[in-house]
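# Architecture and fold: a report
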Amino acid sequence: MLDSSSSPSRTARPREGASNWLRASNGLGAVAIACLLLVHPTPASAKVQVVATLPDLAALAEAVGGDLVEVTALAKPNQDPHYVDGRPSFLIPLSRADLLLVNGLDLEVGWLPPLLTNARNAKIMPGASGYLDGSLVIHRLEVPNSRIDRAMGDIHPGGNPHYLYDPRAGLLVAEAIAERLSTIDRDHEALYRTQLAAFSKALTEVSDAAMRKFAELPEAKRQLVVYHQSLVYLFDWLGLKEIAALEPKPGIAPNPSHVADVLATMRKAGARVIIQEEFYPRRLSDTLAKMTHGEIVNLRGGARFEEGETYVQRIERSSEALYHALSQ
Amino acid sequence: MGLTSVTRLIAFLSVCALTSAPASVLGSVFASTSTSTSSAGEVSDVDRALIESAFGASGDGDAAGQSVGSSSSSFASFSGAIQSMNPEISLILDAAAAYFDGEPMQLGGHDPNKTGFSLQQLELHMAGSVDPFFRLDANIVFALFGVEVEEVYATTLALPYGLQARGGQFLTRFGRINATHPHAWSFVDQPLVIGKFFGSEGNRGLGAELSWLSPLPWYFEVSLSANNADGECCARSFLGADDFEVRGPLDLLYTTTIKQFFPFNDSWSLSLGLSGQFGPNASGYHNRTAIFGTDVYLRYRPVDSAERSALSLQAEGLYRRRQIPDGLLDDFGIYAQLVWNITPEWEVGGRFEHVSGVSDDPLDPDWTRPRRRTSLEATFYPSHFSRLRLQGSYDEPLFASQPVYVAMFSLEVMIGAHGAHSF
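Just so it is clear, the model here is predicted, and its values are computed rather than measured. Counting restarts for each chain, with residues numbered from 1 along the sequence as it is written. As they are written, the chains are lettered A onward and the ligands numbered 1 onward, keeping that order. With pLDDT at 70 or above as the cut-off, local features in this predicted model cover only qualifying residues; side-chain atom pairs require 80 or more to be listed or tallied, and sums for whole chains, interfaces and linings still use all residues. The side-chain numbers reported here are obtained from all heavy atoms of the structure, hydrogens and water having been left aside.

### Remarks on the state of the cysteines
All names here are of chain B. Any cysteine sulfur atom paired with another within 2.5 Å is treated as part of a disulfide. Counted according to the given criterion, the structure contains one disulfide over all chains. One disulfide in the model links Cys 233 with Cys 234; its S-S distance is 2.0 Å. Across the S-S bond of Cys 233 and Cys 234 the torsion is about -65°, and the bridge reads as left-handed. Classification of residues uses two cut-offs on accessible area relative to the type maximum, computed with a 1.4 Å probe and protein chains only: under 20% is buried, over 50% is exposed, and between them is partly exposed. Judged by relative accessible area, which is 23%, Cys 233 ranks as partly exposed. Cys 234 gets classed as buried once you look at its relative accessible area, which sits at 5%.

### Re the sheet that holds strand β6 (residues 241-245) of chain A
All names here are of chain A. Spatially, four strands are ordered β6-β5-β7-β8 in an open sheet, and the strand pairing comes out parallel. Where the open sheet ends on each side, the last strands, each with one partner, are β6 and β8 (295-299). Pairs of neighbouring strands in the sheet enclose a mean axial angle of 35°, with direction left out of account. Any two strands between which DSSP finds at least two bridges are classified as paired. Numbering of helices and strands runs from the N terminus, with a helix taken as a DSSP run of H or I at least four residues long and a strand as a DSSP run of E at least two residues long. Inspection of the sheet shows strand β5 (residues 223-226) paired to β6 by four bridges, in the parallel sense. If you follow Gln 223 over to β6, its bridge partner there is Lys 241. Docked against the sheet, helix α8 (residues 256-269) engages β5, β6 and β7 (273-277), running at close to 150° with respect to β6. Between N-to-C directions, angles span 0 to 180 degrees; the directions come from axes that are lines fitted to C-alpha atoms, helices contributing only their stretch in contact. It only takes one pair of heavy atoms within 4.5 Å for two residues to be counted as in contact.

### As for unusual backbone geometry
Residues and elements named next belong to chain A. Here Leu 105, not a glycine, exhibits a phi torsion of approximately 55°, which is positive. Inspection of the secondary structure assignment puts Leu 105 in the loop between β3 (99-102) and α4 (112-118). The phi torsion at Asp 106 lies on the positive side, around 65°, for a residue other than glycine. Looking at the element boundaries, Asp 106 is found in the loop between β3 and α4.

Laid out in structure tokens, this is it:
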């Protein structure tokens, strides 16, 4: 029962018997602290735990690490990597990771930073040996060389971040992953090197073959329209030309007058292929394709890593689909 | 008797540990985490233990973070990007125009609260890593005639065992909406129950927090914080505006939460939270207040939706018990909101609120009967960095003579760093 007739001074010693239900509730705090002191997680696994923000990075780590690593991809291949929900469940693999692979160039800036803070894992913080930013080892394109402003749209200040569509960049990242894995798991340095060499050979074959094939296409067939300006690395690899983008500025939704301009550009140049990643809206592109008697190439956002697709397969399949459309 | 003293002791110890851990303890803790990662064959465990004990004995804080045996080889060097030690800075403006067809009864400090234009807030957010062990976050809010340090706290980055500590001025993690700022809200104004139970700014204060990410295979996080229990804006169910000297651990405000997350599949997920808050209140006689809360967030976002559409249901229920000189006051409040992101540009939502009232409430003497409010909103996002929101509310305080119709139009724009939102 409540005791309201106690001493009027609140600073006196607490009275016995008063407000037991409230005092007991403070016990909850005690239980919480007791839990904190008793339990400590020790992920006992011999494999190096790798977390990759994107499935393509995960596929690269899998190719280089093989059975020595356990790889988790956070984003799904059919998901726009700019707008991933930073689910709290991502904290589980992140908190246990030995190595975190990020795409960098601000691609994950909308969802990764709070996860990284909350994962409480010093091993994978920027600057630690378990944090690898792939963009630091590739040749970056579209790096702004003058002052940029958001009025230009959602420009990435460090350069275009979508470099994993180019297998030559993928190979550079794989080399960096192998080097980093060797640092974390020194006992298997030789094996990582062997696996990297095998991967490098397979990927270079596919890449060179695709480059030869695309080079034989006539100039007129090598021009495309994109939805978002995310394919500059792909075009650089295959010698293709982007003549227009459906988004008037990166990240700004298409509007009718801009799309009319795109249509005019397409007709003038005789371009008939629109290429976009699978997570961009289709309706506008369908209309444009109909008006120009052209077609749409739905580019895969990433390797179907969870279904076992490798990076080499993913590059081969993407370039084949694109070649098929362009060579019509 | 036994329970009380044990609780006080533990609470006291935890506060001491958070605020005054000696550098040597921190140093050895940091060192022990990083060593476990290295797997160099050349250095035996015995060697390592010897080296570590040398560091521990010297109590050299500078040794923190240096891992024994791990390679510090330099990797690919940064080429070309603009390097800067400046923190991330962003500036967010929330301004609104509102119309009330009766007496405005808004509770939130950033709510439009009169017919006409209002500056809800101008928020300056700055954040960055301090060193490998801490990051600092500051939210400084400007009104037309004043500045307020809404939040400024340091967060640890390298504690072992899934622990993380925060210290400074911060919004407590009670429930879902309390820890967030207006620019993360789906409605222009603050839920009534938050304003009534915590205050116009939500529950916050100077204090320290320890949270723990459990090793369970799903997200299960426990947090406990101790904050000053005063502030009319921020702890009105506790000491409020009362000028009060803290004499012992029971004079602080304790908040404890359990948060869980269940991803059913790539598209559906559910967050569940339980929160409790305990502290002294301003009615004297060692009287105390407890607030219990539960929150639910059910989200459907088809992972491959080209329109990035999403549907989310968020609801919180809070129950409050206060001891007052003449007895015990019980009241509760809920809000539930359903928000549909149709496309990246368009969003609509509805919110229902119900907050009960009690007689003889020293804080809200008029609030003797329930108050209900229903709101609808439609938002247009020209880009990721701006939004225009139209909101209509039907506010029905059963203790007042008339319901009030409210229309609000708000503009939010943001410059600077691209702030990420927590889920």
